[in-house]
Every structure is written in C-alpha cells, then in structure tokens.
Amino acid sequence: MKKIIFTEDAPFPVGPYSQAILVDNTLYASGQIAMKCLAAGDTDVAKQTDEVCNNVIAVLKAAGLTLEDVVKTTCFLAEMSDFVTFNGVYEQYFAHKPARSCVAAKELPKGALVEVEVIAIKS
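In this text the structure is predicted, and so the values were computed from the model without any measurement.

A. Main features of the overall build of the protein chain. Along the protein chain, the regular secondary structure elements total three helices and six strands. Its helices and strands taken in sequence order, the protein chain reads β-β-β-α-α-β-α-β-β from the N to the C terminus. A total of 123 residues make up the protein chain; the buried ones form 42% of that total. Partitioning the contacts of the protein chain with sequence separation of at least 6, the portion at a separation of at least 24 is 66%. Only carbon and sulfur atoms are counted for the fraction: they give 54% of the accessible area of the protein chain, which is about 6600 Å². Looking at the protein chain, you have 11 positive and 15 negative side-chain charges, and the mean spots of the two groups are 5 Å apart.

B. Just the pairing of strand β4 (residues 70-77), in detail. Of the pairings in the sheet, the one linking β4 to strand β6 (residues 114-121) comprises seven bridges and is antiparallel in character. By the bridge assignment for β6, Leu 77 is matched with Val 114. Pairing between β4 and strand β5 (residues 99-104): six bridges, direction parallel. Residue Phe 76 lies in a different strand from β5, and its bridge partner there is Val 103. Note on the crossover from β4 through helix α3 (residues 83-93) to β5: the handedness is right-handed.

C. Layout of the nonpolar core. Ranked by size, the top nonpolar core spans 36 residues in total, and within it Leu 27, Leu 60, Phe 86, Phe 94, Val 114, Val 116 and Val 118 carry the most contacts. If we ignore the near neighbours within four places in the chain, the residues touching Val 118 are Leu 27, Tyr 28, Ala 29, Val 56, Leu 60, Val 70, Lys 72, Thr 73 and Phe 94.

D. Quick peek at the environment of Ala 104. On the secondary structure map, Ala 104 appears in strand β5. As a C-alpha pair, Ala 104 and Asp 82 span 22 residues in sequence and 9.5 Å in three-dimensional space. Once residues within four sequence positions are removed from consideration, Ala 104 is found in contact with Leu 77 and Met 80.

E. Summary view of the side chain of Gln 19. Mapped onto the elements, Gln 19 comes out in the loop between β1 (2-5) and β2 (20-23). Of note is the side chain of Gln 19, whose polar atom sits 2.6 Å from the backbone nitrogen of Thr 7. The contact partners of Gln 19, leaving out residues within four places of it in the chain, are Ile 5, Phe 6, Thr 7, Ala 10, Pro 11, Phe 12, Pro 13, Ala 29, Ser 30 and Val 59.

F. Up close: α3. Every buried residue of α3 is listed here: Phe 86, Val 89, Tyr 90 and Tyr 93. Buried residues of α3, seen end-on, are gathered within an arc of 100 degrees and therefore sit on one face of the element. Across from the buried face of α3, at angles greater than 90 degrees, the exposed residues are Val 84, Glu 91 and Gln 92. Packed against the buried residues of α3 are α2 (45-62), β4, β5 and β6.

G. Local environment of the packing of α2 against α3. Look at α2 against α3: their axes get within 9 Å of each other, and the N-to-C directions meet at 30 degrees. Considering the angle they form, α2 stands roughly parallel to α3. Of the two elements, α2 crosses α3, and the hand of that crossing is right-handed. When α2 is examined against α3, the residues Val 45, Ala 46, Thr 49, Asp 50, Cys 53, Asn 54 and Ile 57 are found in contact with a partner set consisting of Thr 85, Phe 86, Val 89, Tyr 90 and Tyr 93. Grouping the amino acids of the contact of α2 with α3 by side-chain chemistry returns eight nonpolar, three polar and one charged.

Cut-offs and rules
Residues numbered from 1 in each chain as written. Predicted model: local features only at pLDDT ≥ 70, side-chain atom pairs only at ≥ 80, totals over all residues. Heavy atoms only, no water. Helix = DSSP H or I, 4+ residues; strand = E, 2+ residues; numbered from the N terminus. Buried < 20%, exposed > 50% of the residue type's maximum accessible area, 1.4 Å probe, protein only. Contact = heavy atoms within 4.5 Å. Areas by Shrake-Rupley, 256 points an atom, 1.4 Å probe, with all protein chains shown as cover. Lys, Arg positive; Asp, Glu negative; His and termini not counted. Charge placed at Lys NZ, Arg CZ, Asp CG, Glu CD. Pairing = 2+ DSSP bridges. Right-handed = clockwise from strand over helix to strand, strands pointing away. Core = buried A, V, L, I, M, F, W, Y, C linked by side-chain atoms within 4.5 Å. Polar contact = N/O pair within 3.5 Å; in protein donor to acceptor, adjacent residues only side chain to side chain. Arc of directions from axis to C-beta. Axes fitted to C-alpha atoms, helices over the stretch in contact; angles between N-to-C directions. Parallel < 35°, antiparallel > 145°, perpendicular 65-115°, else oblique. Left-handed = near helix turned anticlockwise from the far one by under 90°. Nonpolar A, V, L, I, M, F, W, Y, C, P; charged D, E, K, R; others polar.

Right under this line is the structure:
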C-alpha cells in the first residue's frame, strides 16, 4: 500500500514531489528546509535547524509517526563549518540516535543552510 502524505503544518513542496510517501509501514520523507526563516531573511543555522526539525515532526505526525520512529536521516549543510551548531540542535530532537549521513552541498534550495530528510518505520 502506498499513500501520499501531506500536511499544511510543513512547507508546501517547491517542485514536483510529495512531502512524504508511506509504503506499507515505511515513511520516506522528502528533505525539509526552513521556509519561514528564509522568508524572513534569517541566516542563523541554529534557527533554521530548529525549524527544519519541526517541519520533520509535522510530516511524521501527518503519517501517524513520531521522531522516535525515524531510523535514518540524511542531512545537508550549505557549509560544513556549521556542523557543530547544526549538531547541537539536531541532537535535541534525535536523542535516540538514528543512522545518519551528513554532507555539505554546494547549494541548497532557496538558499537554505540546512536540509533534512528522514526514513521512519511505523511499528
């Protein structure tokens, strides 16, 4: 069973993709960026990370999941020099330590500093 997940509590997709797809008991969530921060011109990586994590929570909630259900994250940073700051906020949300990749990307959508995508398993 495949179901498209959408919530108005997270940014609308900026392209031809879904916020997330639930296949059986596995959620594949698209990357989230901090649209509110970006609209306000806020370039604070900690604030962007906080907003991104809250967007992830909203998408998970729409699928009937929580952060505890996340088994893998893929994190993108515009600047690897923001890694320590990003990590400080990230670990407040992902205390259960899912598997993770974190890479620097030359450029993120809309000039974002942080993007996070997740895979979660519904128990």
